[in-house]
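Listed below, chain by chain, are the residues.
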Amino acid sequence: MAWKFDNKIPIYIQITNAIKLQIVTNQLKTGDKLPTVRDLAETAGVNPNTVQRALSDLETEGLVYAQRTTGRFVTDNIDLIKQTRIELAQQELANFTNNMLSLGFAKEELSELIANYVKGE
């Protein structure tokens, strides 16, 4: 079954982000072997070159590494994974904040909104 992609964002970036999310949420654990480029391309319904570019970006970031004859694996660098998780959270917080400010809320109101939401109010 093919993945659903947003036409506004390059597909390779969406694939990179999806794998990155699986790593930081521990769906893919340190040392796990990733599916092959062909398998990922078939699953996603995209060209293998698109998947190759996404995986190359993840390698550049250090989140995955390649072993010449055995494939690609999730890094065992826990600190990098934690840092990436924090960076993703900060991006989400920035998006949330900008959206709330666009709705007319003041920055001072946001922490109360969040606190009430978490409490279930």
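Rules used in this analysis
- Residues numbered from 1 in each chain as written.
- Predicted model: local features only at pLDDT ≥ 70, side-chain atom pairs only at ≥ 80, totals over all residues.
- Heavy atoms only, no water.
- Axes fitted to C-alpha atoms, helices over the stretch in contact; angles between N-to-C directions.
- Helix = DSSP H or I, 4+ residues; strand = E, 2+ residues; numbered from the N terminus.
- Parallel < 35°, antiparallel > 145°, perpendicular 65-115°, else oblique.
- Left-handed = near helix turned anticlockwise from the far one by under 90°.
- Contact = heavy atoms within 4.5 Å.
- Nonpolar A, V, L, I, M, F, W, Y, C, P; charged D, E, K, R; others polar.
- Buried < 20%, exposed > 50% of the residue type's maximum accessible area, 1.4 Å probe, protein only.
- UniProt positions renumbered as here; feature names shortened; annotations may be inferred.
- Phe/Tyr/Trp six-rings, centres within 6.5 Å; stacked < 30°, edge-to-face > 60°.
- Lys NZ or Arg CZ within 6 Å of the ring centre and 35° of its normal.

An unreviewed UniProt entry lists the chain under the name DNA-binding transcriptional regulator YhcF (GntR family), from Streptococcus gallinaceus.

K.L.:
Mind showing me how you'd approach the packing of helix H1 (residues 11–24) against helix H3 (residues 48–61) here?
P.N.:
Between two packed helices, both the angle of their axes relative to each other and the distance between the axes serve to describe the pair. Viewed as axis vectors pointing N to C, H1 and H3 meet at an angle of 50°, and their least axial separation amounts to 8 Å. Overall, the two elements H1 and H3 adopt an arrangement that is oblique. In the crossing of H1 with H3, the sense of the turn from one axis to the other is right-handed. On the side of H1, the interface is formed by Ile11, Tyr12, Ile15, Thr16, Ile19 and Lys20, while H3 contributes Thr50, Val51, Arg53, Ala54, Leu55, Asp57, Leu58 and Glu61. Its residues assigned to classes, the contact of H1 with H3 shows eight nonpolar, two polar and four charged.

K.L.:
Help me out: how do you make sense of the environment of Asp39 in this one?
P.N.:
Note on placement: Asp39 falls in helix H2 (residues 37–44). With a relative accessible area of 43%, Asp39 lands in the partly exposed category. In the structure, Asp39 is positioned 33 residues away from Asp6 in sequence and 21 Å away in space, judged by C-alpha atoms.

K.L.:
Mind showing me how you'd approach the UniProt feature "domain: HTH gntR-type" (unreviewed entry) in the chain here?
P.N.:
Within this numbering scheme, the UniProt entry marks residues 9–77 as carrying the feature "domain: HTH gntR-type" (unreviewed entry). Taken end to end, residues 9–77 has its terminal C-alpha atoms 28 Å apart, with 52% of it in helix and 12% in strand.

K.L.:
Sorry if this is basic, but what is going on with the packing of H1 against helix H4 (residues 78–102) here?
P.N.:
Where H1 meets H4, the closest approach of the two axes is 9 Å, and the angle between their N-to-C directions is 120°. Taken together, H1 and H4 sit at an angle that is classed as oblique. You can see that H1 and H4 cross each other, and the crossing is left-handed. Contacts between H1 and H4 involve Lys20, Ile23 and Val24 from the first element and Ile81, Thr84, Arg85 and Leu88 from the second. When its residues are assigned to classes, the contact of H1 with H4 shows four nonpolar, one polar and two charged.

K.L.:
Teacher, can you tell me more about the packing of aromatic side chains here?
P.N.:
The description of two aromatic rings rests on the distance between their centres and on the angle between their planes. Tallied over the full model, the rule gives two aromatic pairs. Ring centres 6.0 Å apart and planes at 35° place the aromatic pair Trp3 and Phe5 in the tilted group. Plain terms: the ring middles of Tyr65 and Phe73 are 5.8 Å apart, the flat faces sit at 25° to each other, and that makes the pair stacked. The class of Tyr65 is partly exposed, set by a relative accessible area of 33%. Here the guanidinium or amino end of Arg53 rests over the ring plane of Tyr12, the centre of that ring lying 3.8 Å away.

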